[in-house]
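Residues per chain, in single letters:
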Amino acid sequence: MVHDITLKELFDLQNKEAHTMIDVRSPKEFDEATIPGSINIPIFDNDERAEVGTIYKQVGSEAAKERGLEIFSAKLPDFINAFASIETSKTVFCWRGGMRSKTAATVLDLIGNQSFRLSGGIRSYRQWVVHTLDNYQLKSEAYVLNGYTGSGKTILLEKLSQNGYPVLDLEGMASHRGSIFGQIGLDPSNQKKFESQLVEALSEHQNAPFLFMEGESKRIGKVTIPDFLYNHKENGIQVFVDLPVEERIKNILDDYQPWNNPEKFMEAFNLIKKRIHTPIAKDIHDHLTNEEYSSAVQLLLEYYYDPRYEHATKVYPNDKIITIQAQTIEEAFQQVQGLIKEIEMKQQKLS
């Protein structure tokens, strides 16, 4: 017998015990969006799913079911073994809690490897994510790291997170660095994947008195920051990190590693070179061609990114601005830790 559970019951189960969520959709569907923390044990691979879908449209549902069962029967031993290796309790799901998850749960029940099935599938989870973000009230005070390109804002967020401080890594969720070169070497998230990760992160830090995040535009790569979060960020305390240009160049090279994708960096540069004075653009092009990346980055900062940052920087009230001047990223991190101690002392006095 298949045991259906609601999304709320799934969340309650996760809070009580170790529990594994299993997405039985195709790898392509899984990659596009899933419930964070889930693993993928697909009933059909991408081509098989496309084949069954075509039969459904061109012939009918019964023919599609027959072909689907034929495909699934051939891989049944591997499918069962994959589930048997999971020692925790399990919940399976597909898109709407339909045939694929029912088939998986039924087969497992027949061999005594019981699992739950998520009623409504990932569609119910997606509806919950949208509803949650539409009605979210963020109470944690925002501390927003700003600074010229290469100021180590992402590195600082990583260090803060590693030390147990509450952080929203928006670029990490977007899988994009927020610049024209930002997706190189990464697989940018779509809006669904981004919002699922965002809800999880907000839930994790919902009781935090403060949150650190990076100064971002409304759009990061393929995703858009929800209005409530963007407005909260804009009204937060703006922490401007000022590092020497040499340190910034080092941070950029460490992060982007252009020597691993030289052709993609040239492609990205070609999209912006018309906005740079022609002689300088030619110099940057030559540096990239000759793999002189430090020189190329220095010119990009001086003639493209720094002027754009200065132009785009909003005028924030003086009581909302904190400036951190440091020679290295480690020194900047120490100053941010000092800022946190001040925040905590202030909150203790207020409480």
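Up top is the structure.
These figures come from a predicted structure and were not determined experimentally.

## Some details on unusual backbone geometry
- The phi torsion at serine 175 lies on the positive side, around 50°, for a residue other than glycine.
- Turning to its location among the elements, serine 175 is positioned in the loop between α9 (170-174) and α10 (191-204).
- You can call serine 175 buried: its relative accessible area is 18%.
- Backbone geometry places glutamine 257, a non-glycine residue, at a positive phi of 45°.
- If you trace the backbone, glutamine 257 turns up in the loop between α12 (245-256) and α13 (262-272).
- With relative accessibility at 33%, the residue glutamine 257 sits in the partly exposed group.

## Here's the deal with the environment of glycine 68
- Note that glycine 68 resides in helix α4 (residues 61-74).
- When its relative accessible area of 7% is taken as the criterion, glycine 68 is described as buried.
- It is 9.4 Å that separates the C-alpha atoms of glycine 68 and arginine 100, two residues lying 32 residues apart in sequence.
- In this structure glycine 68 touches Phe44 and Val52, once residues within four positions along its chain are discounted.

## Section: the side chain of histidine 287
- When you line up the elements, histidine 287 lands in helix α14 (residues 278-289).
- Given the relative accessible area of 19%, histidine 287 is considered buried.
- Discounting residues that sit within four places of it in the chain, histidine 287 has contacts with Glu292, Ser295, Ala296 and Leu299.

## Examining the nonpolar core
- If you look at the biggest cluster of nonpolar residues, it comprises 32 residues, and the most contacted ones within it are Leu168, Leu198, Leu202 and Leu229.
- Elements with a contribution of two residues or more to this core: α1 (7-16), α7 (121-134), β6 (141-146), α9, α10, β8 (210-214) and α11 (227-234).
- The greatest single-element share of this core, amounting to five residues, is contributed by α10.
- In contact with leucine 168, not counting residues within four places along its chain, are Leu157, Met173, Ala201, Leu202, Leu211, Phe212, Met213, Glu214 and Leu229.

## Looking at the sheet that holds strand β2 (residues 19-23)
- Taken together, the five strands give an open sheet; going across it, the order is β1-β5-β4-β2-β3, and neighbouring strands pair in parallel fashion. Two strands in the sheet have a free side with no partner beyond their single neighbour: β1 (3-5) and β3 (39-40).
- Inspection of the sheet shows strand β4 (residues 89-93) paired to strand β5 (residues 116-118) by two bridges, in the parallel sense. Paired with threonine 91 across the bridge in β5 is phenylalanine 116.

Cut-offs used in this document
- Residues numbered from 1 in each chain as written.
- Predicted model: local features only at pLDDT ≥ 70, side-chain atom pairs only at ≥ 80, totals over all residues.
- Heavy atoms only, no water.
- Helix = DSSP H or I, 4+ residues; strand = E, 2+ residues; numbered from the N terminus.
- Buried < 20%, exposed > 50% of the residue type's maximum accessible area, 1.4 Å probe, protein only.
- Contact = heavy atoms within 4.5 Å.
- Core = buried A, V, L, I, M, F, W, Y, C linked by side-chain atoms within 4.5 Å.
- Pairing = 2+ DSSP bridges.

Spatial relationships are all this shows, so hold off on functional conclusions.
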